[in-house]
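Chain by chain, the residues run as shown.
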Amino acid sequence: MESSNASPESTNTSKLLVILNPVAGQEDSSKTKSAITEFLDSRNLEYELRETEGDGDALKWAKEAAGFDLVVVAGGDGTVMEAMSGMIDNPHPVALAQLPLGTANLLSRALSIPTKLEEALELATDTGVTVSMDVGNLVSHGRYFAIIAGAGWDAKLIEDATREMKDKLGFFAYVISGIKNLFTLRSSRVRIEIDDQVQNLRADSVAVINVGEIHGSGIAIGDKVSPHDGQLDLAIASTRGSLGIFRLLWRILTKSFKNSDELKYFTASHLKVSAQPPLKLEIDGEVIGETPFEVTVVPNGARLVVPRDYAEDKKLEYTDTNSSPAVQSN
């Protein structure tokens, strides 16, 4: 743990809590740490930097953070989500800014956060705005998620993408694992309680989606799936052999998201999923067990720093993170 104070000449009264995961991503952690501290010192910002040593550190520090005006998380999706979960349960929550250091960085990409460290620091400390975002509450496991809770194929591909693969191949480790697992899918008998409906069917994968599009990339897994609409979307995939796999891939690649035999969509604020045989379960890129599970939506549950262009493109209300507290809207 390390701290640094602003110089007496500093006119910025903000105090930052910086949470750094030193084992995230492929870059040398000492260089990353030096780059962060040099940037903050050059801006005469007051901050405290803490390095995680294991699971739960980011959650605990964010949950108990007091006296800070901003929490800055340097790490991958797992570290960011852990800290976000802590901020949701903090009785005095503040905004959270991301410095993407992981392999996939799905949440930061979805919110248009720059992947270059200096640009992300500039956004966090100067140019960013704060918006509210829905989160999913995995009630059955006492966890929150920002992007997805997935049972089946996506959990298997994450489980099989080893640290060694990710160190060598980066994001392509997930691509290779995903293709391999796509052709070994086994369906389960799935029961899903969606608000006041019950669905019984055979499926390979069940995904509770909060973020359905990587902003600006053209990559999407659902139509009009938004983390700002107060609800969750459910996608159920049933491939039924190789032909079904290719039909499913075609629908995703061409963004044909209408209900079909291979892909069904529902919206919900509360749902329960069980499967026989059980399906592996992941949230935001972390395998945490298997079905059954229960999820509810937490509307506007998190406050995140994003680029102004993102907020205005989505027509969201926002506040200037580092200046005026007045709420603005496009």
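Residues numbered from 1 in each chain as written. Predicted model: local features only at pLDDT ≥ 70, side-chain atom pairs only at ≥ 80, totals over all residues. Heavy atoms only, no water.

Draft legend 1. Here's a closer look at the side chain of E282. The residue E282 is located in strand β17 (residues 280-283) in this model. Put simply, E282 is tucked away with no salt bridge, and the nearest opposite charge, on R143, sits 9.4 Å away. In terms of polar contacts, E282 uses its side chain to reach the backbone amide nitrogen of D284, at 3.2 Å. If sequence neighbours within four positions are ignored, E282 has contacts with I148, A149, G150, D154, A155, I158, V287 and I288. (Helix = DSSP H or I, 4+ residues; strand = E, 2+ residues; numbered from the N terminus. Buried < 20%, exposed > 50% of the residue type's maximum accessible area, 1.4 Å probe, protein only. Lys, Arg positive; Asp, Glu negative; His and termini not counted. Salt bridge = Lys/Arg side-chain N within 4 Å of Asp/Glu carboxyl O. Polar contact = N/O pair within 3.5 Å; in protein donor to acceptor, adjacent residues only side chain to side chain. Contact = heavy atoms within 4.5 Å.)

Draft legend 2. Spatial organisation of the pairing of strand β4 (residues 70-75). Among the six residues in β4, six count as buried, and that is most of the element. Of the two faces of β4, the one carrying L70, V72 and A74 and the one carrying V71, V73 and G75 are both buried. Bridging between strand β2 (residues 15-20) and β4 involves five bridges; their strand directions are parallel. Paired with L17 across the strands is V71, a residue of β4. (Pairing = 2+ DSSP bridges.)

Draft legend 3. Structural detail: unusual backbone geometry. Cis peptide bonds are those with omega within 30 degrees of zero, and the linkage from Q276 to P277 qualifies with 0 degrees. Counting through the fold element by element, P277 comes out in the loop between β16 (270-276) and β17. Cis geometry is adopted by the peptide bond preceding P292, which originates at T291 and carries an omega value of 10 degrees. Mapping P292 onto the fold places it in the loop between β18 (286-290) and β19 (293-306).

Draft legend 4. Expanded view of the packing of helix α1 (residues 29-42) against helix α5 (residues 117-127). The geometry of α1 relative to α5 is characterised by a closest axis approach of 11 Å and an angle of 40 degrees between their N-to-C directions. It follows that α1 is oblique to α5 by the angle criterion. Classified by chirality, the crossing of α5 by α1 is right-handed. Contact residues: T32, A35, I36, F39 and L40 in α1; L117, E118, L121, E122 and T125 in α5. The residue inventory of the contact of α1 with α5, partitioned by class, reads six nonpolar, two polar and two charged. (Axes fitted to C-alpha atoms, helices over the stretch in contact; angles between N-to-C directions. Parallel < 35°, antiparallel > 145°, perpendicular 65-115°, else oblique. Left-handed = near helix turned anticlockwise from the far one by under 90°. Nonpolar A, V, L, I, M, F, W, Y, C, P; charged D, E, K, R; others polar.)

Draft legend 5. Just the confidence of the model for the protein chain, in detail. Counting all residues, the mean pLDDT for the protein chain is 82, and 75% of those residues have values of 70 or more. Low confidence marks residues 3-13, where pLDDT is under 50. Its contacts with residues over four positions away, or in another chain, come to 15 contacts. (pLDDT = per-residue confidence, 0-100.)

Draft legend 6. Structural context of helix α3 (residues 77-88). For α3, spanning twelve residues, the distance from its first C-alpha to its last is 16 Å, which sits close to the expected 16 Å at 1.5 Å a residue. Counting buried residues along α3, eleven of its twelve residues qualify, which places the element largely inside the surrounding structure. Among the residues making up α3, those that are buried are D77, T79, V80, M81, E82, A83, M84, S85, G86, M87 and I88. (Expected span 1.5 Å × (residues − 1).)

Draft legend 7. Summary view of the packing of helix α2 (residues 57-64) against α3. The geometry of α2 relative to α3 is characterised by a closest axis approach of 7 Å and an angle of 30 degrees between their N-to-C directions. When the axes of α2 and α3 are compared, the pair comes out roughly parallel. As α2 runs across α3, the sense of the crossing is right-handed. Residues D57, A58, L59, A62 and K63 of α2 form the contact with α3, whose own contacting residues are T79, E82, A83, S85, G86 and M87. Residue composition of the contact of α2 with α3, grouped by class: five nonpolar, three polar and three charged.

Draft legend 8. Up close: the sheet that holds strand β8 (residues 148-151). Taken in spatial order, the six strands of this open sheet run β15-β14-β11-β8-β17-β18, and their pairing is antiparallel. At either end of the open sheet lies a strand with only one pairing partner, and these are β15 (263-268) and β18. Averaged over all neighbouring strand pairs, the angle between strand axes comes to 20 degrees, with direction disregarded. Judged from the four bridges that link them, β17 and β18 form a sheet pairing that is antiparallel. What sits directly across from E282, in β18, is V287.

Draft legend 9. A look at the pairing of strand β9 (residues 188-194). Side-chain alternation along β9 places S188, V190, I192 and I194 on a buried face and R189, R191 and E193 on a face that remains uncovered. Two successive antiparallel strands, β9 and strand β10 (residues 197-203), enclose a turn made up of two residues, where D195 displays a positive phi of approximately 50 degrees. Across six bridges, β9 lies against β16 in antiparallel orientation. Within β16, the residue paired with I192 across the bridge is V273.

Draft legend 10. Highlighting the environment of Q197. Relative to the helices and strands, Q197 is located in strand β10. Between the alpha carbons of Q197 and A268 there is a distance of 9.9 Å; along the sequence they are 71 residues apart.

Draft legend 11. Inspection of the nonpolar core at higher detail. Counting residues in hydrophobic clusters, the biggest one holds 66 residues, and the most contacted among them are V18, I36, L40, M84, L96, L107 and L111. Those residues in contact with V18 that lie beyond four places of it in its chain are I36, L40, Y47, E48, L49, R50 and V72. Core analysis: the next-biggest nonpolar cluster, separate from the first, contains 25 residues, L201, L271, A275 and L279 among them. (Core = buried A, V, L, I, M, F, W, Y, C linked by side-chain atoms within 4.5 Å.)

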